[in-house]
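Inside the fold
Residues per chain, in single letters:
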Amino acid sequence: MLLNFDRLGWWKLVLIGITLATTAFLLLPILFIAALSFGSSQWLIFPPPGWTLKWYQELLADPRWLQSAWTSFRIAIIVTVLSVLLGLVTSFGLTRGRFPFREALKALFLTPMILPVVVLAVALYAFFLQIGLNGTLTGFVISHLVLALPFSILSISSALEGFDKSIEDAAVLCGASPLEARIRVTLPAISHGIFSAAIFSFLTSWDEVVVAIFMSSPTLQTLPVKIWATLRQDLTPVVAAASTLLILLTVLLMLLVAVIRKGLKS
Amino acid sequence: MVAQTETASAKHYAPVRARRPTDFDLTLPALGLLALFFVLPVAILLTRSVTEPVPGLGNYAELLGSSTYLRVFANTFAVSGLVTFISLLIGFPVAWALAIMPSRLASVVFAILLLSMWTNLLARTYAWMVLLQRTGVINKLLIGMGLIDQPLPLVNNLTGVTIGMTYIMLPFIILPLYGVIRKIDPAILQAAALCGANRWQSLVRVLLPLAMPGMAAGALMVFVMSLGYFVTPALLGGTANMMLAELIAQFVQSLVNWGMGGAAALVLLVVTLALYAVQLRFFGTDRLGGR
């Protein structure tokens, strides 16, 4: 009866109460920032004395914000493409292959996900100092790729495991070459996995801040580093405006995922 | 079980595979990337911890012998433990409610959980910096309600870090717990009721024990993630309660002391991997992950 919603009695009210409170706790700060980004007070007073778009104007008028957003975007796009391609190839190898240490190899590929990011950040920073990759686009791409790849491999592998290989074999029996069968039969069938790999890779790179703090140079910094640097000085509402745009992007990407999932079901 | 299916399909596919480049080859590019830009840099860093400035274990002796650094370790464990405990306390009823709620209501809660999880970390931390400041909404609310006269110091201290970190970790404990509770057969609880257990007895003696593996796995994950957290403690915490990740960053960035930085990194790494080994040993791999 504890697992029957209708027969919980007054406990139901307690559970619902805690759940609603927690949901509000998770949601309200996000809404709060969005509201403040339109507030006229420099001191982030809530409720704001008036409404304004000046923080967005300030944000868009400052070339450094735009530049860092553009840097973030370029890096995230390159990382997404590489991470999906590499994730695809690796997942085929891992799911289809029968070789010793396969499980250990799989674990190795997922380690960047569980390793404290700060350790990787410091290690890569030291390494890139020696080979001159700090503050370069290549350095950013490589380090973000290391972090994004596990998500890509996880999504694509699980889609591939759920795919019945005999369909691919059937295509080969019908005369397709093994490669052709993989590209024209298997790839479309696991497209949802590829798609979530792309979204996760993009968000991993786009939101990444710890490695980026170490990797960035005065001339090349990502949006999160710009926010980080600004926050260390003061709590200006311009950051609220930048955050709101980031939240909007997250909402859009999540809706996209939901729509695609729904499309797959029907 | 895995081994069984492997041998079965290996027999089945063996003739086909023998004719084409092996699947193992496909993993080589990613393996190369990780070897060069993950394993090698971490190995170099750890090596430097025993070679700089002089060869030996001096860095570790200094790290574990100084009360300043020991305080950082203690604080890291204390904050992580506190965050884990509060997350579990809040997360359990929410996961439980989610598992039995009407699905329409549950999907709204899920959407908010995922939105919060994927919203930029800095945006979320910033929100709490603003909310918790002296003139922030929380203090104003408490003063307005007449509960306090003076604004409470809520940021740049333990309170700030705990609130901010719990906020970030909650989804990571709710989601795996939800999975575990959902799999529990309601008939078991009906049986408990038939045998005369009241709600409270059913909760403490049936539901909680059955959910325990999920709670332990989720708690371990949140604890380990908290140990290595950098951004939120750096922005919401104060100088008095520095955490391990900040210490590592400080050794490297401001002190340019690679030996000590490497040594502190190794300590964090060893603790993290040890706890993950416990997780793998007792709870399997399926709940690894998160950001």
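A count of helical and extended segments in chain B gives 14 helices and 0 strands. Along its sequence from the N terminus, chain B presents helices and strands in the succession α-α-α-α-α-α-α-α-α-α-α-α-α-α. The C-alpha atoms of chain B give a radius of gyration of 24 Å, which is well past the 19 Å a tight globule of 291 residues would have. Dimensions of chain B, computed from C-alpha atoms along their principal axes, come out at roughly 70 × 60 × 35 Å. Taking all contacts inside chain B whose residues are at least 6 apart in sequence as the whole, residues at least 24 apart take part in 71%.

Quick look at the packing of helix H13 (residues 244–253) of chain B against helix H14 (residues 258–283) of chain B now. All names here are of chain B. Interaxial distance between H13 and H14 falls to 8 Å at its minimum, and their mutual angle equals 160 degrees. Classified by the angle their axes make, H13 and H14 are roughly antiparallel. When the axes of H13 and H14 are compared, the crossing they make is left-handed. Contacts between H13 and H14 pair Leu-244, Ile-248, Phe-251 and Val-252 from the former with Trp-258, Met-260, Gly-261, Ala-264, Ala-265 and Leu-268 from the latter.

Looking now at the confidence of the model for chain B. All names here are of chain B. Averaged over every residue, the pLDDT of chain B is 87; the share at 70 or more is 90%. The low-confidence segment residues 1–11, where pLDDT is below 50, has 7 contacts with residues more than four positions distant or belonging to other chains. For the stretch residues 286–291, pLDDT sits under 50, and the model shows 23 contacts to residues farther than four places along the chain or on other chains. Interface predicted TM-score (ipTM) for the complex: 0.89; the corresponding pTM is 0.87.

On to the packing of aromatic side chains. Inspection of every chain in the model, using the stated rule, returns 23 aromatic pairs over all chains. Measuring from ring centre to ring centre gives 4.8 Å for Phe-110 of chain B and Tyr-178 of chain B, while their planes differ by 80 degrees; the resulting arrangement is edge-to-face. In this pair, Phe-110 of chain B is assigned in helix H6 (residues 103–118) and Tyr-178 of chain B in helix H9 (residues 158–183), connecting sequence segments 68 residues apart. Relative accessible area serves as the criterion here: at 18%, Phe-110 of chain B is assigned to the buried category. Site record: aromatic cluster; members linked through ring pairs are Trp-10 and Trp-11 of chain A together with Phe-92, Trp-96 and Trp-200 of chain B. Its guanidinium or amino end placed over the ring of Trp-65 of chain A, Lys-226 of chain A lies 5.2 Å from that ring's centre, counting from NZ or CZ.

Right, let's talk about the pattern of salt bridges for a bit. A complete count under the given rule lists 9 salt bridges over all chains for this structure. In this structure, the salt-bridge partner of Lys-106 of chain A is Glu-161 of chain A, at a minimum N-O distance of 3.1 Å. Placement of Lys-106 of chain A in helix H4 (residues 102–114) and of Glu-161 of chain A in helix H6 (residues 137–161) is noted, with a sequence separation of 55 residues between them. Among the residues examined, Lys-106 of chain A registers a relative accessible area of 22% and is labelled partly exposed. A single salt-bridge network, built from bridges that share partners, covers Arg-96, Glu-168 and Arg-182 of chain A together with Asp-23 of chain B.

Residue and element names in this part refer to chain A. Together, Trp-70, Phe-73, Ile-77, Val-81 and Leu-85 make up an exposed nonpolar region whose accessible area comes to about 490 Å². Within the fold, Val-81 resides in helix H3 (residues 63–96). Classification of Val-81 as partly exposed rests on a relative accessible area of 46%.

Rules used in this analysis
- Positions within a chain are numbered from 1, following the residues in the order the chain's sequence is written.
- Written order determines the labels here, with chains lettered from A and ligands numbered from 1.
- Confidence filtering applies because this is a predicted model: local features only for residues at pLDDT of at least 70, side-chain atom pairs given and counted only at 80 or more, and all residues used for totals across whole chains, interfaces and linings.
- Only hydrogens and water are set aside when side-chain values are computed; all heavy atoms of the structure are taken into account.
- Numbering of helices and strands runs from the N terminus, with a helix taken as a DSSP run of H or I at least four residues long and a strand as a DSSP run of E at least two residues long.
- Only C-alpha atoms enter the radius of gyration, while the globule expectation follows 2.2 Å times N to the 0.38, with N the number of residues.
- Contacts were defined at the residue level, with two residues in contact if any of their heavy atoms lie within 4.5 Å.
- Throughout, an axis means a line fitted to C-alpha atoms (over the contacting stretch in the case of helices), and angles, computed between N-to-C directions, take values from 0 to 180 degrees.
- Every angle not falling under 35 degrees, over 145, or within 65 to 115 is termed oblique; those three ranges are roughly parallel, roughly antiparallel and roughly perpendicular.
- Note: crossing handedness is left-handed where the near helix turns anticlockwise from the far helix by less than a right angle, and right-handed where it turns clockwise.
- A score from 0 to 100, pLDDT tells how confident the predictor is in each residue.
- Stacked, tilted and edge-to-face pairs are distinguished by plane angle, under 30 degrees for stacked and over 60 for edge-to-face with tilted covering the rest, among Phe, Tyr and Trp rings (Trp via its six-membered ring) whose centres lie within 6.5 Å.
- Think of it in three bands: with a 1.4 Å probe and only protein chains considered, a residue is buried below 20% of the maximum accessible area for its type, exposed above 50%, and partly exposed in between.
- Throughout this description, the term charge over a ring refers to an Arg CZ or Lys NZ atom that lies within 6 Å of the ring centre and within 35 degrees of the ring normal.
- Salt bridges, as used here, are contacts in which a Lys or Arg side-chain nitrogen is within 4 Å of a carboxyl oxygen on Asp or Glu.
- Only residues whose relative accessible area exceeds 30% and that form no salt bridge are eligible for patches; like-charged ones are grouped when within 9 Å, while nonpolar side chains (Val, Leu, Ile, Met, Phe, Trp, Tyr) are grouped when within 5 Å.
- Here the open area of atoms and residues is found with the Shrake-Rupley method and a 1.4 Å probe, where only the protein chains shown may cover a residue.

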